[in-house]
Amino acid sequence: MTRRDQPRTNMTDLSPRSPAPSSAARRVAFPPNWQTRIACLALALYVVYACSILDISRERLMAGFAHAARFVSRMFPPNFAPDKLELLYTGMVESLQIAVIATAVGVLLSLPLGLIAARNLSPLPLAWAARALIVLFRTFHPVIIAILFVKAVGFGALAGVLALIVASLGFLSKLVAEAVEEMSMQQVEAVRATGAPFLSLVIMGVLPQVVARFIGFSAYQLDSNLRNSALVGLVGGGGIGATLFTAFQRFDYDFVLTIVLAIIVLVMAGEVVSGWMRRLFQ
Amino acid sequence: MDASTPFRSTAVGAERSLIIRKLRKEYRAGQPVLKDVSLTVEGRGMTAIIGPSGTGKSTLIRCINRLVDPTAGEILFRGQDLARLNGRQLRLARRRMGMVFQEYNLVERLSVVENVLCGRLGYVPVWRAWLRKFPAHDVERAFQLLDAVGLGDFATQRADQLSGGQRQRVGIARALMQEPDLVLADEPTSSLDPKTSVEIMELIARRAGERDIPIIVNIHNVDLARRFADRIVGMAKGEIVFDGPPRALQDEHLLQIYGGEGWLE
Amino acid sequence: MITAAPPAAAHLRRWQRFTLAQRVTRSVFYLLALVTIVWSLRSIEIVPEFLYDAPQQTVDLFARMWPIDWAWYPKVVHDALIETLHTATLGTILAVIMASLVAVMVARNITRSVVLNSIGRFILVATRSVHAMIWALFFVAVFGPGALAGTMAIAMHSIGFTGKFLAEAIEEAKPGPIEALVAAGAPPLAVLLKGYWPQVKPAFLSISVFRWDINVRESAVLGLVGGGGLGMALDTALSNLYWDQVGLVLFVIFVVVMVAEIVTALIRSRII
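K.L.:
So what's going on with the overall build of chain C? Residues and values would help.
P.N.:
Each helix and strand in chain C was counted, giving eleven helices and zero strands. Its helices and strands taken in sequence order, chain C reads α-α-α-α-α-α-α-α-α-α-α from the N to the C terminus. When the 272 residues of chain C are sorted by exposure, 49% land in the buried category. Taking the contacts inside chain C whose residues are at least 6 apart along the sequence as the reference set, 73% of them involve residues at least 24 apart.

Rendered as structure tokens:
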């Protein structure tokens, strides 16, 4: 019997061969998903609630947008006057210096700190103490760290550098510690079996495995520090941030735009360079 | 009947035929994958297109519903030239053509029945699809189709929990959900084991046959083609080299289509 | 015992990890890095006396923060904390909505136009490069000091990061199901909602929660330039030189960031 001999049925009829569905229960295609519904409702209610708490209202937004339009018009065209450009240049250079030094020192210091924090290399209490320190460094925003250093050592680039060193340590030491903890103990044992002192143990056994990945992290940190170097100046840490803050206070909005554009270019350049670095050492 | 016979209107189903005229597709200029192919597919039964890989069978099928844009030629169906349609017109034409894919192409995170209902996306307003408020008769028909393909108990399971054969059944149900005038199948069994392949081909043939929908299948398994198709079209190097009922397909034709020696018993 | 290979083959077999070009480039890089570092060290304006003094000063500073003024918490810090949390959450929600639109513009499998792709990419890079604090300066000037400025600043800054990852998630969506829906005649919006969205959803939630976590940290400092929340409390305490209050705010910031990280980890493991 070929297909053609079968009775032709229209669309809604079932072929005689299939079992009829249980007609008693109407089948439900989409059982209500209460989790999602409640979550969506909660989210919507939250937005309304939070807006009221934060005093966000339509009027304020409308007024704000009018204001913003005026602002933006004052920002254009960006100010490229020679004296401003010189200020910009000085600020950018200082930011660059801060970022470079902070990354370099951070890289140097993160190696010992990371090694100390590695639970497979150093005694546990020491390792935990080091880890706690690293967590502390990471939790606080570089801006907060910068402000504290400004209060401690005064305004200027020193505070900025110190703040970014601390921020870099928070990131890099953690990675070093993790890399050391992950690495193969066999190689370390092999070197240790030769009776080598601790330092050469570190250099021959540990470092080779860690260094390659480390360059990648350092590139990332350089990029991050470049971004943050623009910020620490806002609170007194030197660099382009200070220039920006002053410009705001003086209502030099067209200069503000120039600075912001310069920061964008700096950040993008930083991304490109760090990308090169990572590819170069891959 | 062969590929060069001009279209003749027949008593029944003339207006349901698909007419391809001088279809040409060049992915790279000067190297056509389809060389002025002409073909008339009557509005009933299963037409199987066989041929080696790269010979343009998949391209041919995909030109019909414009997943691939032809370089030249006409595809006449239901009074329209599919090769010329765009935008909304194309969408309206597409919703009348169901397609079954080699890799099933289900939305894996959605449930089986929701996948089947995706066949109606060309018919229901978007808000209904988004809020899952499909019309009741559509939902009912989705369940019936699932029963018809043997997956009635799997309706609310997520699609990625199904086996390959089961997923293809969902794909078939989805294609039929569109109430299509034509079903296209692009290597529907190539990812399945031999036994499941037979089941799937049978399912396609039977379910589409019941609803009197013509099928065009692109398949590389000659035995399956012979077993289920009413008409076999053999392609080689972008041209049609055989066109006839399965019983007319002889070894010398296969050699012409596939080339080579010694692979035939 | 390995027999000695003939000299020509030995030359070929000498293992070189990196090509000559790579080694030269690396050496050049090291040299450049060294030069940059030395130049920076020499030309930066740092008074050496301050540098030597730094450790002592820092320790002094922290000594002044103890004991912590706990009494200040219910008076000021608690409200500031709530404000910070709302700023972070609302800002993230707003950012995710806007970032989704930009991500659709940037994703090459949804938007074919190179012009639109580029515009979208530019928006993402620009918003990402301008830090939330700088946005806060702008919004404080526009809306006045307070949480509204802070929320908008967080939102604008987050668009870049969120949009980039969302676009990547969209571009990783399997094209097969999309093709099936298109072949069935589904309108473009339906293809987006039924084809792309189910595939992108897990990444969407993960990215949103991840960004919220970062935003809690960021929101805490916006107050330093007028964006409301804990930052403003910190600013007040610092201006008054009430170190015990400063200590309190720092402690609260620490705790809230930690809690946010734990909550984030929980959500990501359970729901995603």
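Moving on from the model shown.
K.L.:
Could you give an account of the pattern of salt bridges, with specific residues and numbers?
P.N.:
The tally for this structure, following the rule as stated, stands at 32 salt bridges over all chains. The salt bridge partner of Arg66(B) is Asp69(B), with a shortest N-O separation of 2.7 Å. The class for Arg66(B) is buried, based on a relative accessible area of 9%. Glu202(B) serves as the salt-bridge partner of Arg206(B), at 3.4 Å between the closest nitrogen and oxygen. Of this pair, Arg206(B) and Glu202(B) both sit in helix 7 (residues 194-210), four residues apart, which is roughly one turn of the helix. Residue classification places Arg206(B) among the buried positions, given a relative accessible area of 17%. You can call Glu202(B) partly exposed: its relative accessible area is 37%. Counted as one network, the salt bridges with shared partners bring together Asp223(A), Arg227(A), Glu271(A) and Arg128(C).

K.L.:
Report on the interface of chain C and chain A, specifying residues and quantitative values.
P.N.:
The interface is formed by 59 residues belonging to chain C together with 64 residues belonging to chain A. Interface area for chain C against chain A, summed over the two sides, is near 5400 Å², with a carbon-plus-sulfur share of 80%. Remark: the boundary between chain C and chain A carries one salt bridge. Its salt-bridge partner being Arg128(C), residue Glu271(A) comes within 2.7 Å of it at the nearest N-O pair. Counting the contacts that link chain C with chain A gives nine residue pairs in polar contact (both at pLDDT 80 or more). By residue number, the principal contributor to the side of chain C that touches chain A is helix 2 (residues 20-43) of chain C, which donates ten residues.

K.L.:
Account for the sheet that holds strand 1 (residues 18-28) of chain B, with residues named and values stated.
P.N.:
Residue and element names in this part refer to chain B. One open sheet accounts for four strands, arranged 2-1-4-5; its pairing is antiparallel. Taken across any chain shown, the strands that pair with only one partner, and hence form the sheet edges, are strand 2 (31-41) and strand 5 (80-81). Where strand 1 lies against strand 2, seven bridges are found, and the strand directions are antiparallel. Counted as the bridge partner of arginine 28 is glutamine 31 from strand 2.

K.L.:
Explain the nonpolar core to me, using residue names and the numbers behind them.
P.N.:
Judged by nonpolar contacts, the single largest core of 193 residues is most densely connected at Leu244(A), Met46(B), Ile50(B), Met133(C), Phe138(C), Phe139(C) and Val246(C). Contacts of Met46(B), omitting those with residues within four sequence positions, involve Met201(B), Ile204(B), Ala205(B), Ile215(B), Val217(B), Phe228(B), Ala229(B), Asp230(B) and Arg231(B). Core analysis: the next-biggest nonpolar cluster, separate from the first, contains 30 residues, Cys63(B), Leu184(B), Met235(B) and Ala180(C) among them.

K.L.:
Account for a nonpolar patch on the surface, with residues named and values stated.
P.N.:
All names here are of chain C. Together, Trp70, Leu205, Phe251, Val255, Val259, Ile262, Val263, Leu266, Ile267 and Ile271 give the surface a local cluster of nonpolar side chains, amounting to about 880 Å² of exposed area. By residue number, the principal contributor to the nonpolar patch is helix 11 (residues 243-271), which donates eight residues. Locating phenylalanine 251 in the fold gives a position in helix 11.

K.L.:
Please provide a residue-by-residue account of the packing of aromatic side chains, values included.
P.N.:
Tallied over the entire structure, the rule returns 16 aromatic pairs over all chains. Pairing Phe140(A) with Phe254(C) gives two aromatic rings, centres 6.1 Å apart and planes at 35°, and the pair type is tilted. Of the two residues, Phe140(A) is situated in the loop between helix 4 (124-139) and helix 5 (142-153) and Phe254(C) in helix 11; the pairing between them involves two chains. Each ring, one from Phe138(C) and one from Phe139(C), has its centre 5.2 Å from the other, and the planes form 70°; the classification is edge-to-face.

K.L.:
With reference to specific residues and values, describe the confidence of the model for chain C.
P.N.:
Residues and elements named next belong to chain C. Averaged over chain C, the pLDDT score is 87; the fraction of residues at 70 or greater is 93%. Confidence, read as mean pLDDT per element, is least for helix 1 (residues 7-13) in chain C (50) and greatest for helix 8 (residues 175-183) (96). Across the assembled chains, the prediction reports ipTM 0.89 with pTM 0.82.

K.L.:
How would you summarise the sheet that holds strand 10 (residues 239-244) of chain B if you had to cite specific residues and measurements?
P.N.:
Residue and element names in this part refer to chain B. Here we have six strands laid out as an open sheet, ordered 6-7-8-3-9-10, and mixed in their pairing. Edge positions in the sheet fall to strand 6 (97-100) and strand 10, since each has one partner strand and no second. Between one strand axis and the next, the sheet turns through 20° on average, direction left out of account. The pairing of strand 6 with strand 7 (residues 182-186) spans four bridges and is parallel. The residue of strand 7 that forms the bridge with methionine 99 is leucine 184. Strands strand 3 (46-50) and strand 8 (215-218) of the sheet are contacted by helix 7, whose axis makes an angle of about 165° with strand 8.

Rules used throughout
Once a new chain begins, its residue numbering starts again from 1 and follows that chain's sequence as written. Throughout, the order in which chains and ligands are written sets their labels, letters from A for the former and numbers from 1 for the latter. Under the rules for a predicted model, residues below a pLDDT of 70 receive no local features and side-chain atom pairs below 80 are neither given nor counted, while totals for whole chains, interfaces and linings still include all residues. No hydrogens and no water enter the side-chain calculation; it runs on all heavy atoms of the structure. Secondary structure elements follow DSSP: runs of H or I of four or more residues count as helices, runs of E of two or more count as strands, with numbering from the N terminus. Buried means the residue's accessible area, taken with a 1.4 Å probe over protein chains only, is under 20% of the maximum for its type, while exposed means over 50%, and partly exposed covers the values in between. Between two residues, a contact is recorded if the distance between any of their heavy atoms is within 4.5 Å. We define a salt bridge as a side-chain nitrogen of Lys or Arg found within 4 Å of a carboxyl oxygen belonging to Asp or Glu. Summed over both partners, the accessible surface that disappears when two parts come together, traced with a 1.4 Å probe, is what is meant by buried area. Identification of polar contacts relies on pairs of N or O atoms within 3.5 Å, with a donor-acceptor requirement for protein atoms, meaning one able to donate a hydrogen and the other able to accept it, and with residues adjacent in sequence counted only if both atoms are side-chain atoms. Strand pairing is defined by DSSP finding a minimum of two bridges between the two strands. Throughout this description, the term nonpolar core refers to a set of buried Ala, Val, Leu, Ile, Met, Phe, Trp, Tyr and Cys residues connected via side-chain atoms within 4.5 Å. Patch definition: residues above 30% relative accessible area lacking any salt bridge, with like charges linked at up to 9 Å and the nonpolar side chains Val, Leu, Ile, Met, Phe, Trp and Tyr linked at up to 5 Å. To measure how exposed things are, a 1.4 Å probe is used in the Shrake-Rupley method; for residues, cover is taken only from the protein chains shown. Stacked, edge-to-face and tilted are the three classes for Phe, Tyr and Trp ring pairs, Trp counted by its six-membered ring, which pair at centre distances within 6.5 Å; planes under 30 degrees apart are stacked, over 60 edge-to-face, the rest tilted. Each residue carries a pLDDT score, the predictor's confidence in it, ranging from 0 to 100. To define axes, lines are fitted to C-alpha atoms, for helices over the stretch in contact only, and angles between the resulting N-to-C directions are given on a 0 to 180 degree scale.

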